[in-house]
Amino acid sequence: KKRKDNQAKIASEENMSSVTAMATAAAYESVANPTTPAPSPVNVPIAASKSNFIANATFTAAVSVGVPLAPRPSPPPTTVTAETKESEPLSIDKDLTRMVEDRIYGYTRSSDGMSIEYATSLLDSSRAVQFREGVRLGKALSINVDRLVHFAKKDMSHGRLEEAQEFYLQAVKMDPTDGRAYLGLSRIAQRRGDLEYAKALLKEGIGRSSGGFVTVRGPSEKKIDNRTKKSEKRDRYDAGPKLGTIPDVGPNPFLLQTLGTLEQKMGNLAAAEELYLQALRSRPSHAAAWVALAQLRTKELRQGAKAGRACYQSAERELQRIGAKPNAFVYTAWASMEYKKGKEDDVKSVRKSSELYRKALEADPRCSAAYLQLGVMESECGNFDTAKECFEKVLTFDQRNSRVLQAYAIMESRRPSDEVNSRRVLDLFERALRVNPRDAGVYQAYALYVVELGDIDAARDLLKRGTEVDKRHAPVWQAWGVLETRYNTAKVARDVFQQGIWACAQPGGGQSGGRRCARLWQAWGVLEDQEGDHSAARRCFSRALDADQRNVAAVTAWALMEADLGNFVDARSIFERTLKYFSSQSDDKTAVWRAYEIMEERAGNYRRAQQVFQRSMREDMTSKDEEIVPERASDVDMVDSSFKEKSKEVEVSRWETEGSDLGAEVWMNNGSIEGKVPAKMMKKLRNGDSKKKEKGR
């Protein structure tokens, strides 16, 4: 029965289509021959439909029957009114449309527009589109690589590393000279913890990728005055006429700067500095390289504010030279350095930092880093309401910034005791963890606040979770070890410090584990000093200084321990040796001078304390006040050599490493004494020297 119903339905549809074809054919005959009388209408059982559908059906039926189509009659002339103008669609810019098509499909047109020629034709062998066995030869269009890089970044943001790696490998295969693919592959390797492979990828990209260019623009023709809007002031940098381009004179500066950052992370500071300088030689207007070089010299190499200020001023001048838009991150990093390197309660440094933050926000009103650093500075100055406005401003357009939420919570916890809302502080920390559950810094700050509330077990659990999400985060390990030192046994604290050193050890860091482990060795030394094991404390402090020769906390703790034990000669030698490592007058060197002076005052040696103070003031006054700022791109090496000339390290004493019988407590580093000589051995050495003098007399 169903089969019969289907056959009847199909037959009825065929009859309807034939009747429709006959009706449309007759209609077209009447249009073609107006003299012929129109046929009588045919009753067709078709439901009413839209006019477009009827026209399409009529045209199809006429073509199928073979009726010749008559030309379309011209529409009657209409008068243009204001209403018709408004109803007309917007006109299409044909020239712009043709230009976009030419760029996408890669061909050019002749002057008359009639002939088309591919831009990647066989006439240019470097850009020819050739195929061999189904594989395209030559350089692909940049839009194809852009598409692959876009999909790779999207997968990386969602944690799909395998899919992102496949897209980057396709991009490398399509265009081996594009450095973005190598940069993405190196970041994937860093996420997996394979730093050596990441370095190899960057080196391969530097060798194979080609340098780019920067566009030079002239001054804008728009007049800027007080009545000009802020948006128009920002756009004036892009509105200037294009004067030309400046190609890079070396390898890809982005890959060089990224490789320098990786070397700095691995503890190779000299190699990192050289890579930053190479990036600046290749492109003097590369802002990221200037910022990285300034932070390396001021934070890692402990140089003064002049070294960092020279880099930031050079970056600002180079960007102005090519007519580029001011870089918000340059001003943000510069402002942070001016505030941190300034003296406490220094109104001048705060005013200078505020001005630089204002410039950063003018360049980019949505710069989260500028608002974050400005809020931190205001909170430390006691302006809690202003800091709150900064943090709230960031959260309006960057709700998933865990660092802003962390700083916001810390600011709320620093309010006066009668104004602190502990529930709000905890809520902010919880929001930060929900946004980024793998941020170990949030766990550390959260745990320290919980300790203030008196919940030691909860703080211990937070610190443990922080070490699990990021095992290479040394401050979390240090905070956990110090917590166990104060509220648990020394054995548990030693285990925490040892696990942290094993986890944070850097490749090439030697027995001390690298600069990242210096703070752990210092905290371990303080623990052993409190427990009364001074020999173990000396070993820990020596390892801390081997990992970081300029670690002020380790130097101060070791010297004060020796002074408390009555070994003032050893304490003075520790201070004197550390002062040699600082190339110029900086805040860290000033802190060492101050600790040296306090030690002599506590011992009652006021004359020596006065001498130390006079030496520090003499060095501060004799230091050069001129700031070394390169005037040209070729003067970058001059800045580097000027600082290297000052940093000549001098060893206090040197012993032969072979056949040394000074005891097991001495730990030597390339022949230099890094440990503590036993008191008995020092006494024997002094007695032997005195006997030799008496015999000589």
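Computed from a predicted model, the values in this text were never measured in an experiment. (Residues numbered from 1 in each chain as written. Predicted model: local features only at pLDDT ≥ 70, side-chain atom pairs only at ≥ 80, totals over all residues. Heavy atoms only, no water.)

A. Examining the packing of aromatic side chains more closely. Evaluated as defined, the whole model comprises 12 aromatic pairs. Pairing Tyr312 with Trp334 gives two aromatic rings, centres 6.1 Å apart and planes at 15 degrees, and the pair type is stacked. On the criterion of sequence distance, the pair formed by Tyr312 in helix 13 (residues 305-321) and Trp334 in helix 14 (residues 328-341) is long-range, its members being 22 residues apart. On the basis of relative accessible area, Trp334 is assigned to the buried category, the value being 4%. On the basis of an interplanar angle of 40 degrees and a centroid distance of 6.4 Å, the ring pair of Phe429 and Tyr449 is categorised as tilted. Highlighted residues: Phe429 in helix 19 (residues 422-435) and Tyr449 in helix 20 (residues 440-453), separated in sequence by 20 residues. This pair shows no difference in class: Phe429 is buried, exactly as Tyr449 is. Taken together, the ring pairs connect Tyr312, Tyr331 and Trp334 into an aromatic cluster. (Phe/Tyr/Trp six-rings, centres within 6.5 Å; stacked < 30°, edge-to-face > 60°. Helix = DSSP H or I, 4+ residues; strand = E, 2+ residues; numbered from the N terminus. Buried < 20%, exposed > 50% of the residue type's maximum accessible area, 1.4 Å probe, protein only.)

B. Spotlight on unusual backbone geometry. Phi at Arg302 is positive, roughly 60 degrees, even though this residue is not glycine. Mapping Arg302 onto the fold places it in the loop between helix 12 (287-300) and helix 13.

C. Looking closely at a nonpolar patch on the surface. There is a patch of nonpolar side chains on the surface, built from Leu96, Met99 and Val100 and spanning about 250 Å² of accessible area. For Val100, the position within the fold is in helix 4 (residues 94-105). (Patch = residues over 30% accessible without salt bridge, like charges linked within 9 Å, V, L, I, M, F, W, Y side chains within 5 Å. Areas by Shrake-Rupley, 256 points an atom, 1.4 Å probe, with all protein chains shown as cover. Salt bridge = Lys/Arg side-chain N within 4 Å of Asp/Glu carboxyl O.)

D. Local environment of the nonpolar core. Within the largest apolar cluster, 141 residues are counted, with the highest numbers of intra-cluster contacts made by Tyr168, Tyr312, Phe391, Phe429 and Phe575. Discounting residues that sit within four places of it in the chain, Phe575 has contacts with Val555, Ala559, Val592, Ala595, Tyr596 and Met599. (Core = buried A, V, L, I, M, F, W, Y, C linked by side-chain atoms within 4.5 Å. Contact = heavy atoms within 4.5 Å.)

E. Representation of the pattern of salt bridges within the structure. One pass over the structure, following the stated rule, counts 33 salt bridges. Here Arg602 makes a salt bridge to Asp564, at a shortest N to O gap of 3.5 Å. Highlighted residues: Arg602 in helix 28 (residues 587-602) and Asp564 in helix 26 (residues 552-564), separated in sequence by 38 residues. With respect to burial, Arg602 and Asp564 carry one shared label: exposed. Linked by salt bridges that have partners in common, Asp385, Glu392, Glu412, Arg415, Glu419 and Arg424 make up one network.

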